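# Residue-level structure breakdown
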Amino acid sequence: DKAPLSKSLLLVPSAISVLLTLLFQHYQKFFAYNLQAVKEDFQIWRLVCGRTICLDLKDTFCSSLLIYNFRIFERRYGSRKFSSFLLGAWMLSALFDLLLVEITQYIFGITINSLPSGFLSPVFALFVPFYCSIPRVQVTQVLGHFSITNKSLVYILGLQLLTSGSYIWILALSGLISGICYNSSILKVHRILCVPRWVAKIFSWTLEPVFSSAEPTNEVRVGMGATVDIQRQQRMELLDRQIMMSQVAQIRRQRQQQGGMINWNRLFPPLRHRHNANYQDHRPSEQGIPPPTEVSEEQVARLMEMGFSRGDALEALRASNNDLNVATNFLLQH
């Protein structure tokens, strides 16, 4: 839900890749990422065809799983900003692919005529915002020393994709470099390589209804964790959300005639200062809540880009101790 571009990237390239592998093998030559043909025969169209469809089903499967995990960015930033990142990373990585091939040939004397096909470099570029903006939450430990987090599976999938081909490391490196360049606030690449608003509107009118999904129902399945502790934590989180939603509805009814702003600080501190099992017995009082921290204008701007008002963004960030993820999740639920 709320990720039509991610859904289209999952369905369309994967379907074409399966058809080319099983039924139309004689058309695979048109989707080969042949750099020699690009440089010598000026077949520029190969930069488009060869960098969108995977010819290896293992690459198709791994890249599809990664796109599915990275759909959180489309939900967070919106389809236009997410597509702008993919477009910028795709264009920059095409340039870095050629540069890295030339550098490899100059230093090691290795001539590389072709690279693995597919939408791989932008997928690797998404690891940059994933590493920078997604919080790391420890799930368990292996042998008492190695931590397993909520991000471990995504990194394992990226490592699997990295080792699936001989020269795929070039695509991974070019993708990471392009992701860093696009994500950097110094280079200002995001202001140049972006999807125009009128193009985004056209696609939202034509393709978004095709790939949009129905909004999930309010009935949320819980208790699906691998251990009893995880299941108990899931139920507590669901209970917290229900309490917060009921409190918000009650406060809104009380202040509907006054027109005042919702006091988000009454809702977030119990979640920010709870201690799991002791949460219900040791709820902090309002007198013991620390003063709100200074709000980052960059994070306020990010929330406003998602459609929230400046007042709600300020209050949500102050109430969540300047935690952008907590503030975003709560605002999206209300």
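About the criteria used
- Residues numbered from 1 in each chain as written.
- Predicted model: local features only at pLDDT ≥ 70, side-chain atom pairs only at ≥ 80, totals over all residues.
- Heavy atoms only, no water.
- UniProt positions renumbered as here; feature names shortened; annotations may be inferred.
- Helix = DSSP H or I, 4+ residues; strand = E, 2+ residues; numbered from the N terminus.
- Buried < 20%, exposed > 50% of the residue type's maximum accessible area, 1.4 Å probe, protein only.
- Contact = heavy atoms within 4.5 Å.
- Salt bridge = Lys/Arg side-chain N within 4 Å of Asp/Glu carboxyl O.
- Axes fitted to C-alpha atoms, helices over the stretch in contact; angles between N-to-C directions.
- Parallel < 35°, antiparallel > 145°, perpendicular 65-115°, else oblique.
- Nonpolar A, V, L, I, M, F, W, Y, C, P; charged D, E, K, R; others polar.
- Disulfide = S-S within 2.5 Å.
- Phe/Tyr/Trp six-rings, centres within 6.5 Å; stacked < 30°, edge-to-face > 60°.
- Core = buried A, V, L, I, M, F, W, Y, C linked by side-chain atoms within 4.5 Å.
- Patch = residues over 30% accessible without salt bridge, like charges linked within 9 Å, V, L, I, M, F, W, Y side chains within 5 Å.
- Areas by Shrake-Rupley, 256 points an atom, 1.4 Å probe, with all protein chains shown as cover.
- Polar contact = N/O pair within 3.5 Å; in protein donor to acceptor, adjacent residues only side chain to side chain.

- As recorded by an unreviewed UniProt entry, the protein chain carries the name Ubiquitin-associated domain-containing protein 2 and is attributed to Climacteris rufus.
- Listed in UniProt under the heading Subcellular location (unreviewed entry), the comment for the protein chain reads: "Membrane".

### Structural notes on the overall build of the protein chain
- In terms of regular secondary structure, the protein chain is built from 17 helices and four strands.
- Split into buried and exposed, the 334 residues of the protein chain put 37% on the buried side.
- Expressed as a percentage of contacts within the protein chain between residues at least 6 apart in sequence, the contacts between residues at least 24 apart total 69%.

### Description of the pattern of salt bridges
- Under the definition given, this model contains four salt bridges.
- Across the pair aspartate 56 and lysine 58 runs a salt bridge, and its minimum N-O distance is 3.2 Å.
- We classify aspartate 56 as partly exposed; its relative accessible area is 26%.
- Note that arginine 310 is salt-bridged to glutamate 297, the shortest N-O span being 3.1 Å. Taken as a pair, arginine 310 in helix H16 (residues 310-319) and glutamate 297 in helix H15 (residues 297-305) lie far apart in primary sequence, 13 residues in all.
- Using a relative accessible area of 38% as the deciding quantity, one classes arginine 310 as partly exposed.

### Describing the packing of helix H1 (residues 4-22) against helix H6 (residues 79-108)
- For the pair H1 and H6, the least separation of the axes is 9 Å and the interaxial angle reads 45°. In terms of orientation, H1 and H6 fall into the oblique class. Note on element contacts: H6 touches H1 through Ser79, Phe82, Ser83 and Leu86, opposite Pro4, Leu5, Ser6 and Leu9.
- Considered class by class, the residues forming the contact of H1 with H6 number five nonpolar, three polar and no charged.

### Some thoughts on the UniProt feature "transmembrane region" (unreviewed entry) in the protein chain
- UniProt annotation of "transmembrane region" (unreviewed entry) refers to residues 6-24, 85-108, 114-132 and 153-177 when read in the numbering used here.
- Taken as a whole, residues 85-108 contains 100% helix and 0% strand, while its terminal C-alpha atoms sit 32 Å from one another.

### Re the state of the cysteines
- One pass over the full model with this rule turns up zero disulfides.
- Free cysteine cysteine 54: the closest other cysteine sulfur is in cysteine 62, separated by 9.6 Å.
- Judged by relative accessible area, which is 5%, cysteine 54 ranks as buried.
- Given the relative accessible area of 8%, cysteine 62 is considered buried.

### Quick notes on the packing of aromatic side chains
- According to the stated counting rule, one finds 11 aromatic pairs in the structure shown.
- A centroid spacing of 6.1 Å and a plane angle of 15° characterise the contact between phenylalanine 73 and tyrosine 77, whose relative ring orientation is stacked. Remark: tyrosine 77 and phenylalanine 73 occur in helix H5 (residues 71-77); sequence separation between them is four residues, near one turn of the helix. Both residues of the pair, phenylalanine 73 and tyrosine 77, belong to the buried class.
- Measuring from centroid to centroid gives 6.2 Å for phenylalanine 127 and tyrosine 155, while their planes differ by 20°, and the two rings are stacked.

### Regarding the nonpolar core
- Counting 43 residues, the largest nonpolar core has Leu66, Phe70, Phe73, Leu86, Leu115, Leu126 and Leu161 as its most contacted members.
- Looking at this core, the elements with two or more residues in it are helix H2 (35-40), helix H4 (57-69), H5, H6, helix H7 (121-125), helix H8 (127-133), helix H9 (152-162) and helix H10 (168-183).
- Sorting elements by how many residues they give to this core places H6 first, with nine residues.
- Setting aside residues no more than four positions away along its own chain, leucine 66 makes contact with Val123, Phe127, Val154, Leu157, Gly158 and Leu161.
- Among the nonpolar cores identified, the runner-up in size contains 11 residues, and Leu303, Phe308, Ala316 and Leu324 belong to it.

### Digging into unusual backbone geometry
- Unlike most non-glycine residues, phenylalanine 42 shows phi in positive territory, near 55°.
- Looking at the element boundaries, phenylalanine 42 is found in the loop between H2 and helix H3 (46-49).
- Residue class for phenylalanine 42 comes out exposed when judged on its relative accessible area of 63%.

### Digging into H16
- When we look at burial in H16, the residues that qualify are Ala313, Leu314, Glu315, Ala316, Leu317 and Ala319.
- Residue asparagine 321 follows H16 closely and has a positive phi angle near 55°.

### Some points on a nonpolar patch on the surface
- On the surface, Val18, Leu19, Leu22, Leu23, Phe24, Tyr27, Phe30, Trp45 and Leu57 cluster together into a nonpolar patch covering about 810 Å² of accessible area.
- When residues in the nonpolar patch are grouped by element, the largest group, three residues, is from H1.
- Relative to the elements of secondary structure, tyrosine 27 occurs in the loop between H1 and strand E1 (33-34).
- Look at tyrosine 27 and you get partly exposed, because its relative accessible area is 40%.

### Details of the side chain of serine 93
- For serine 93, the position within the fold is in helix H6.
- By relative accessible area, which is 0% here, serine 93 ends up buried.
- Among the polar contacts listed, one links the side chain of serine 93 to the backbone oxygen of tryptophan 90, at a separation of 3.0 Å.
- Setting aside anything within four residues of it in sequence, one finds serine 93 in contact with Arg51, Ser121, Ser174, Gly175 and Ser178.

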